[in-house]
Structure formats: C-alpha cells, structure tokens
Amino acid sequence: MVEVEEMNAADCTKLLNRVGYGHLGLVRERHPYVVPIHYACDDPNIYIYTTEGKKTDIIELNPEVCLQVEEVIDEKHWQSVIAAGTAVKLTEEVESEQAMKFILAGNPRLTPALSTL
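Fair warning: this is a prediction, and the values are worked out from it, not measured in the lab.

Time to look at the overall build of the protein. Helix and strand content of the protein: three helices and five strands. Oriented by its inertia axes, the alpha-carbon framework of the protein measures out at about 45 × 35 × 25 Å. Relative to its full complement of 117 residues, the protein shows a buried share of 21%. For the protein, the proportion of contacts with a sequence separation of at least 24, taken over those separated by at least 6, is 52%. Total accessible area computed for the protein in this model is approximately 9100 Å², and 53% of it derives from carbon and sulfur atoms.

Moving on: the pattern of salt bridges. For the structure on display, the rule yields two salt bridges. In this structure, arginine 18 engages glutamate 71 in a salt bridge whose closest nitrogen and oxygen atoms are separated by 2.8 Å. Within this pair, whereas arginine 18 is found in helix H1 (residues 9-19), its partner glutamate 71 is found in strand E4 (residues 64-74), the two being separated by 53 residues in sequence. The partner of lysine 89 in a salt bridge is glutamate 52, and the shortest N-O contact between them spans 3.3 Å. Taken together, the residues lysine 89 in the loop between strand E5 (77-86) and helix H3 (93-106) and glutamate 52 in the loop between strand E3 (45-48) and helix H2 (54-61) connect sequence positions 37 residues apart. Note on lysine 89: relative accessible area 59%, which makes it exposed. Of the residues examined, glutamate 52 reaches a relative accessible area of 55% and is grouped as exposed.

Right, let's talk about the confidence of the model for the protein for a bit. Parts of the prediction with low pLDDT should not have their coordinates interpreted in detail. Across the protein, the average pLDDT comes to 88, with 91% of residues at or above 70. For the protein, the element scoring lowest by mean pLDDT is H3, at 82; strand E1 (residues 21-28) scores highest, at 96.

Next up on the list: the sheet that holds E3. Read from one edge of the open sheet, five strands run E3-E2-E1-E4-E5, paired in antiparallel fashion. Every other strand in the sheet has two partners, leaving E3 and E5 as the edge strands with one partner each. Strand-to-strand twist across the sheet, computed as the mean angle between neighbouring axes with direction ignored, equals 40°. As paired strands, strand E2 (residues 31-42) and E3 are joined by four bridges and run antiparallel to one another. Opposite tyrosine 39, over in E3, you have isoleucine 48 as the bridge partner.

About the thresholds
Residues numbered from 1 in each chain as written. Predicted model: local features only at pLDDT ≥ 70, side-chain atom pairs only at ≥ 80, totals over all residues. Heavy atoms only, no water. Helix = DSSP H or I, 4+ residues; strand = E, 2+ residues; numbered from the N terminus. Buried < 20%, exposed > 50% of the residue type's maximum accessible area, 1.4 Å probe, protein only. Contact = heavy atoms within 4.5 Å. Areas by Shrake-Rupley, 256 points an atom, 1.4 Å probe, with all protein chains shown as cover. Salt bridge = Lys/Arg side-chain N within 4 Å of Asp/Glu carboxyl O. pLDDT = per-residue confidence, 0-100. Pairing = 2+ DSSP bridges. Axes fitted to C-alpha atoms, helices over the stretch in contact; angles between N-to-C directions.

As structure tokens, this is what we get:
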C-alpha cells in the first residue's frame with residue numbers, strides 16, 4: 001500500500017513552479033468540464049492564457065475554478081496539487097502585458113491553439 005503524505009504550502013508552490021501544465025476544472029449548469037492547460041505560477045496568483053471559447057464562456061458564468069497539477073515519477077513516487085480559486089479576466093493592458101510576459105517566461109514556446117470541428 002502506498003502511503004500518501006500531505007504537502008506543505010512551500011512544496012505545493014515548488015511543484016506548481018516546476019510543472020507548468022495541469023488540468024483546469026470548471027462547472028457550467030452543474031456539469032463539470034476539465035481541460036488540459038499551461039499556466040504560470042506567481043504565488044499567490046496562477047496565470048493561464050486561453051483563447052476565447054468554451055472555457056471563457058463557462059468562466060463568465062461561473063468564475064470558480066480548480067487547477068490540478070501532478071508530477072509522476074512512478075506509481076510510488078508522485079505528487080499532486082489542487083488549487084481552487086476565482087478566475088479573473090485581466091482587462092487592463094498593462095496587467096495583461098505583464099501577465100503574458102510572465103506566462104511566456106515559463107512557457108516560451110506557448111502558442112494559441114485553434115479548435116476545429
């Protein structure tokens with residue numbers, strides 16, 4: 001049996017800074033929606049970049065979100081962090097530019113994804 005130990009806040013922040021991608025959980029009309037996403041952590045804030053679409057539509061209706069991040073070495077050596085909070089769309093140009101610089105510093109090859117049907 002694997003023994004699971006709770007991580008302290010500092011270890012959670014280290015994992016969030018190290019990994020840079022995870023799963024964003026949203027809820028629309030009591031229906032969960034989870035998507036993979038890249039992010040940048042600047043404790044206590046977590047920045048995500050997304051194009052307009054289903055995620056942003058859901059966040060407009062319900063800004064409560066959850067980010068799950070894991071680092072798995074093998075079945076006995078893994079760590080996971082779940083961070084819950086309220087999503088805030090950055091609308092001020094200065095704020096948006098600073099956030100984007102921060103996101104690109106952590107994910108220099110980040111490019112917007114386009115959904116096709």
